[in-house]
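Descriptive structure summary
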Amino acid sequence: MQRTPKILIVSPDARLQTEVAAALKGIADTTALLQRAADHRQGIEAIQNWRPTLAVVEMTKDLRALKTFADEAAAAAPETNLAAAFSPELFGPDVSESAILIEAIRAGMQDFLRRPVSRADLEQLLDRLERKAAVCPRSPPGKIVSFISNKGGVGKSTLAVNVGCGLAAQAPERVLLIDASLQLGVCASMLDLKPATTLTDAVRERHRLDETLLRQLATPHASGLHLLAAPRDALEAADVDEEAIARVLTLARRAYDYVFVDTFPLIDSVMMAVLDLSDRAFLITESVVPTLLGTVSLIRVLDNLGFPKERQRVILNRYSSFAGNLRPHDVANRLGRAVDHVVPYQKKLLIASNIGRPYVQGAATWYGIGKAFARIIQEMPAVAAQHEPARNGASIPGDRPLGARKETRV
Ligand SMILES: Nc1ncnc2c1ncn2[C@@H]1O[C@H](COP(=O)(O)OP(=O)(O)OP(=O)(O)O)[C@@H](O)[C@H]1O
Ligand SMILES: [Mg+2]
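Residues numbered from 1 in each chain as written. Chains lettered and ligands numbered in written order. Predicted model: local features only at pLDDT ≥ 70, side-chain atom pairs only at ≥ 80, totals over all residues.

Quick look at the overall build of the protein now. Each helix and strand in the protein was counted, giving 16 helices and 14 strands. What you see for the protein is a C-alpha radius of gyration of 24 Å, in line with the 22 Å of a compact globule of 410 residues. Principal axes of the C-alpha set define a box for the protein whose edges measure 90 × 40 × 40 Å. Burial statistics for the protein: of 410 residues in total, 44% are counted as buried. When contacts within the protein are restricted to residue pairs at least 6 apart in sequence, long-range pairs at least 24 apart make up 80% of them. (Helix = DSSP H or I, 4+ residues; strand = E, 2+ residues; numbered from the N terminus. Rg over C-alpha atoms; globule rule 2.2 N^0.38 Å. Buried ≥ 20, exposed ≤ 12 C-beta atoms within 10 Å, placed from the backbone. Contact = placed C-beta atoms within 7 Å.)

The next point concerns helix 2 (residues 40-50). Among the residues of helix 2, those classed as buried are His40, Gly43, Ile44, Ala46, Ile47 and Gln48. Tucked into the core, helix 2 has its buried residues touching strand 1 (6-10), strand 2 (33-37), strand 3 (54-58), helix 3 (63-76) and helix 11 (242-255). Remark: arginine 51 follows helix 2 within two positions and exhibits a positive phi of approximately 50°.

If you walk across this open sheet you meet the 8 strands as 8-9-7-10-6-11-12-13, and the pairing is mixed. Each edge of the open sheet carries a strand with a single partner, namely strand 8 (219-220) and strand 13 (341-344). Relative to strand 10 (residues 258-263), strand 6 (residues 143-148) runs parallel, the two being bridged by 5 bridges. Within strand 10, the position partnered with isoleucine 144 by the bridge is valine 259. Packing against the sheet, helix 6 (residues 156-170) makes contact with strand 6, strand 7 (175-180), strand 9 (225-228), strand 10, strand 11 (280-285), strand 12 (312-319) and strand 13, and its axis sits at approximately 165° to strand 10. (Pairing = 2+ DSSP bridges. Axes fitted to C-alpha atoms, helices over the stretch in contact; angles between N-to-C directions.)

Let us now look at the environment of histidine 226. Along the polypeptide, histidine 226 turns up in strand 9. For the pair histidine 226 and leucine 177, spaced 49 residues apart in sequence, the C-alpha to C-alpha distance is 6.1 Å. When sequence neighbours within four positions are dropped, the list of residues in contact with histidine 226 reads Glu173, Val175, Leu176, Ala218, Thr219 and Pro220.

Moving on to the domain arrangement of the protein. The domains assigned to the protein are domain 1 (6-135) and domain 2 (143-382). On a C-alpha basis, the centroid separation for the pair domain 1 and domain 2 is 39 Å. The partner domain 2 presents 4 residues to the 4 residues of domain 1 that form the contact. By residue class, the composition of the side of domain 1 that touches domain 2 is 1 nonpolar, 2 polar and 1 charged. (Domains from an automatic or database assignment. Nonpolar A, V, L, I, M, F, W, Y, C, P; charged D, E, K, R; others polar.)

Following this line, the structure appears as structure tokens:
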């Protein structure tokens, strides 16, 4: 069977990547993805964001730096295997190879590759990793579910909060809602929470952020939902860029079974990063022509970005069936896309959001809006967690495409 390991080279020496690429060419049934980080700091960032199967780290005499790197890598992505690449001559003729290997083990390396890297050594290493993965399979990553629209006030936050709370009732402490409505997050108020920490704290702590710290930064709600609240103001929001949100999301999906993301009605690079990692994007719309025109253009943007249709679902929110109103099938015709869920108009939602008590709590699930929420909640377990970015590498103008990071297929 074909294997597709992700291999990160951490070395200032570009030749190490060339060696590994050459060695890979001779290994049967293996198509590896290769990336290089020029130093340890970049290496940790790449491990955190890209989660390679294997990181091949250039070993120098600075064992303390190697140990720090290994510790940080283990915290960032415990599943990434670390192998030291060493040139025996660097340590001089008096130092035996076994002494070098022992030092590397002490520094936290799990494997070794002698330079120049040979096909046989690399193949054996990949075989070992494969056997190890078969013995201890990783727990599956959580699912990232985003609520999006390019029009304000259509109900993204209302739906994210209510579906999030409803799902958390079934999976307490396993659902995280990230309020990425950066400029004006309202989820905390809808949940009557006063968060001491926010998404900005997670972003500022990103170099030491792990699953435990992320859980500490989230604020628990009585429903069992955890909230990573929006930045307190525009100044704090400025700290959250595409790379930072990608890192928080990647970590969040390891700490929770479900990560909901409430977003702002603007397709910018942060939003693109959210989309890139979304296993499911709920497109929220209404049966009002200007909103529908916006949704048509949003669907076109998603298609052009290569965001797969099967990860998209359309929710028609605030629906009332009065004479003259567009019906769900009219909406579907205008969108050129099926309407997956219809959430009726319910004026008590407004009251619920004013008093900070999600309507879904205590709502009947067999009729009206409670039934609509229940249907959305029911489909969550079937959402497939993806391992690849959603986008095909396309980008919006001025955006640096995440799906097209420096990565070569070997
Ligand atoms: N199904 C519904 N029935 C009645 N009112 C609703 C419904 N859904 C949302 N609302 C109300 O619409 C208003 C806007 O909702 P919400 O804040 O969730 O929209 P949003 O898309 O998150 O807005 P923004 O783009 O500003 O973040 C709120 O007052 C909310 O109570
Ligand atoms: Mg909102």
